[in-house]
Amino acid sequence: MTSRSSRVTARPSSEGRAVARTQTLLKGQNGIGTVRRTVLPGGLRIVTETLPSVRSATFGIWANVGSRDETPTLGGTTHYLEHLLFKGTGKRSALDISSAIDAVGGEMNAFTAKEYTCYYARVLDTDLPLAIDVVCDMLTGSLIREEDVDAERGVILEEIAMTEDDPGDCVHDLFAHTMYGDTPLGRPVLGTVDTINALGADRIRRFYKKHYDPTRLVVAAAGNVDHNKVVRQVRAAFEKAGALTRTDAEPVGPRGGSKHIRTAGRVDMVSRKTEQAHVVLGMPGLARTDDRRWALGVLNTALGGGMSSRLFQEVREKRGLAYSVYSYTSGFADTGLFGVYAGCRPSQVHDVLRICRDELDKVASDGLTDEEIRRAVGQLSGSTVLGLEDTGAIMNRIGKSELCWGDQMSVDEMLGRIAAVTPDEVREVARDVLAQRPSLAVIGPLKEKQAARLDEAVA
């Protein structure tokens with residue numbers, strides 16, 4: 001059980017350095033599950049969640065930059081930069097970085113999304129100082145040499161090719177383009193072959209300098225960690241790198257909104273010789289700050305979130321038309337997506353789309369039953385807790401929460417919000433979201449007559 005606390009303390013340095021501000025955001029029992037935040041002079045935020053009963057710790061740094069921050073000519077720069085930060089610093093070579101974590105049995109990785117990037121290492125609690133030193137060094141001391149940019153270009157191009165070879169993955173990029181067109185949210189995180197080939201070290205360095213300022217970073221650590229020790233180690237690492245020189249700087253707040261082109265009734269198809277046709281049928285969803293997101297989560301779970309969901313039962317269990325069928329939501333700072341994915345034989349694509357569209361229309365007009373909602377609430381509650389059973393998942397939760405919301409919500413609060421969702425709220429959000437005219441993305445070997453009929457699914 002955790003409770004909220006708003007106590008703020010200023011921690012002056014014995015060396016006369018500028019003051020850091022520390023706040024206990026969530027107070028756990030006997031220190032377990034306590035979440036604390038410190039804002040360093042220079043605008044760097046550090047959040048930790050303490051779990052004394054585990055023997056591991058995960059340390060991560062979140063950057064408030066993603067592919068939606070790129071211009072068309074910079075497509076893929078954020079992800080390219082993610083790779084390059086592993087290529088060496090003034091202190092360590094690429095081999096030094098990887099071998100340092102490997103030598104203690106840890107794991108280190110990173111990921112890039114449309115609105116943020118994260119670098120992390122998971123280690124034994126006794127090796128946390130090493131993880132802090134390595135990851136902070138990567139974020140503050142990357143060299144981004146021309147030869148590393150050229151060498152990594154081939155790796156990025158292979159990753160793009162690998163994605164293209166997986167139509168079940170590629171169709172989601174196609175659907176984003178179907179919904180948002182040639183806008184930052186509609187373009188792929190990886191960039192394209194043309195944009196990657198055009199990028200040079202100078203442009204990537206400028207991007208790095210602009211977006212990796214401490215005011216745009218969040219440091220997060222979870223596990224058997226001591227908040228004050230983490231703060232001291234992180235501060236020392238950033239100060240040594242000369243990254244905290246602006247002592248009056250304040251953190252950049254959560255990302256704001258902007259205008260987006262959202263389409264309705266659009267169909268995008270890529271003809272490809274695959275064994276299955278891969279389809280995503282969907283419409284605009286909700287922004288991640290929308291209070292209705294809890295009701296939408298329940299709706300999504302009941303409609304296509306598990307083996308008992310409507311779509312799974314109707315498409316797979318009753319008719320055997322697809323092996324994989326599910327619904328999903330994606331929430332951004334100012335908009336969102338709701339989609340239904342299915343992979344099926346090309347000859348069955350119209351039957352699958354008709355059933356999916358029929359179910360969306362039924363739920364939009366008639367809603368879900370109370371039993372479906374009750375079951376979805378239980379499923380969503382259980383999966384939420386089970387998804388936070390390791391320090392990596394907890395680090396992700398507190399780091400993303402600080403970066404995207406500027407606040408923390410305890411697991412108990414999250415479960416309370418899910419449990420408080422009413423059938424009327426689910427039916428209302430179903431009418432608001434599912435009654436919109438959908439758009440469709442398809443990848444597969446459809447014949448000309450089949451392709452000509454795809455408009456039927458979005459009519």
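Up top is the structure these notes are about.
This report concerns the structure included in the present document. As the structure is a computational prediction, the values presented were derived from the model and not from experiment. (Residues numbered from 1 in each chain as written. Predicted model: local features only at pLDDT ≥ 70, side-chain atom pairs only at ≥ 80, totals over all residues. Heavy atoms only, no water.)

**Overview of a negative patch on the surface**
Applicable threshold: For patch building, the residue pool is restricted to those with more than 30% relative accessible area and no salt bridge; the joining distance is 9 Å between like charges and 5 Å between nonpolar side chains (Val, Leu, Ile, Met, Phe, Trp, Tyr). Computed by Shrake-Rupley with a 1.4 Å probe, the accessible areas treat only the displayed protein chains as cover when residues are assessed. In what follows, salt bridge is the name for a side-chain nitrogen of Lys or Arg lying within 4 Å of a carboxyl oxygen of Asp or Glu. Charged residues are defined narrowly, with Lys and Arg counted positive, Asp and Glu counted negative, and His plus the chain ends left uncounted. For the purpose of locating charges, the reference atoms are NZ of Lys, CZ of Arg, CG of Asp and CD of Glu. A run of H or I in DSSP becomes a helix once it reaches four residues, and a run of E becomes a strand once it reaches two; helices and strands are each numbered from the N terminus. Relative accessible area decides the class of each residue, using a 1.4 Å probe on protein chains only: under 20% of the type maximum gives buried, over 50% gives exposed, and in between gives partly exposed.
A contiguous patch of negative charge on the surface is contributed by D165, D166, D169 and D173. Take D169: it is sitting in helix α5 (residues 167-180). A relative accessible area of 37% means that D169 is categorised as partly exposed.

**Thoughts on the sheet that holds strand β11 (residues 277-284)**
This is how the line gets drawn: The pairing criterion for strands is at least two bridges between them, as found by DSSP. Here an angle of 0 to 180 degrees is reported between the N-to-C directions of two axes, which are lines fitted to C-alpha atoms, with helices fitted over the stretch in contact.
Taken in spatial order, the 5 strands of this open sheet run β10-β14-β11-β13-β12, and their pairing is mixed. Looking along the sheet, the strands with just one partner apiece sit at the ends: β10 (267-271) and β12 (324-331). Sheet twist, expressed as the mean angle between neighbouring strand axes with direction ignored, is 15°. Pairing of β10 with strand β14 (residues 439-444), which is carried by 5 bridges, proceeds in the parallel orientation.

**Let's talk about the pairing of strand β8 (residues 117-124)**
Walk down a regular strand and you will see the side chains alternate between the two sheet faces. Pairing of strand β6 (residues 56-63) with β8, which is carried by 8 bridges, proceeds in the antiparallel orientation. Paired with W62 across the two strands is C118, which belongs to β8. In the sheet, strand β7 (residues 107-112) pairs with β8 via 6 bridges, with the strands oriented antiparallel. Looking at the pairing, F111 lines up with C118 of β8. The loop that links β7 with its antiparallel partner β8 comprises 4 residues.

**Observations regarding the pairing of β11**
In terms of residue burial, β11 counts as a mostly covered element, since 8 of its 8 residues are buried. In this sheet, β14 lies alongside β11 in antiparallel orientation, the contact comprising 5 bridges. Each bridged residue has a counterpart across the sheet, and for G282 the counterpart in β14 is S439.

**Considerations on the packing of aromatic side chains**
Note the threshold: What counts as a ring pair is set by centres within 6.5 Å for rings of Phe, Tyr and Trp (its six-membered ring), and what kind of pair is set by the plane angle: stacked under 30 degrees, edge-to-face over 60, tilted for all other angles.
Inspection of the entire model under this criterion finds 8 aromatic pairs. For the pair Y208 and Y212, a centre-to-centre distance of 5.4 Å together with 45° between the ring planes defines the contact as tilted. You'll find Y208 and Y212 in the same group, each marked buried. When the ring of Y326 is compared with that of Y328, the centres are 6.3 Å apart and the planes differ by 55°; the resulting orientation is tilted. You can call Y328 buried: its relative accessible area is 15%. The structure contains a cluster of three or more aromatic residues connected by ring pairs, namely W62, F111, Y116 and Y120.

**Considering the side chain of R288**
Quick reminder of the rule: Polar contacts, as counted here, are pairs of nitrogen or oxygen atoms within 3.5 Å of one another; within protein the pair requires one atom able to donate a hydrogen and one able to accept it, and residues that are adjacent in sequence qualify only if both atoms are side-chain atoms. Here, two residues are considered to be in contact whenever any of their heavy atoms come within 4.5 Å of each other.
Among the secondary structure elements, R288 is positioned in the loop between β11 and α9 (293-304). Polar contacts involving the side chain of R288 include one to the side chain of E115, which spans 2.3 Å. Other than its neighbours up to four places away in sequence, R288 contacts E115, R255, R293, G331, F332, A333, T335, C404 and W405.

**Observations concerning the nonpolar core**
Most often, soluble globular proteins keep nonpolar side chains buried together rather than apart. Basically, it comes down to this: The definition of a nonpolar core used throughout is a set of buried Ala, Val, Leu, Ile, Met, Phe, Trp, Tyr and Cys residues joined through side-chain atoms within 4.5 Å.
Of all hydrophobic cores here, the largest spans 51 residues; its most connected members are F59, I61, Y212 and V234. With 8 residues, the top contributor of residues to this core is helix α3 (residues 128-141). Beyond its immediate chain neighbours, meaning those up to four positions away, V234 contacts L44, I46, F59, I132, C136 and V219. In this structure, A277, V352, L353 and I373 belong to the second largest nonpolar core, which totals 49 residues.

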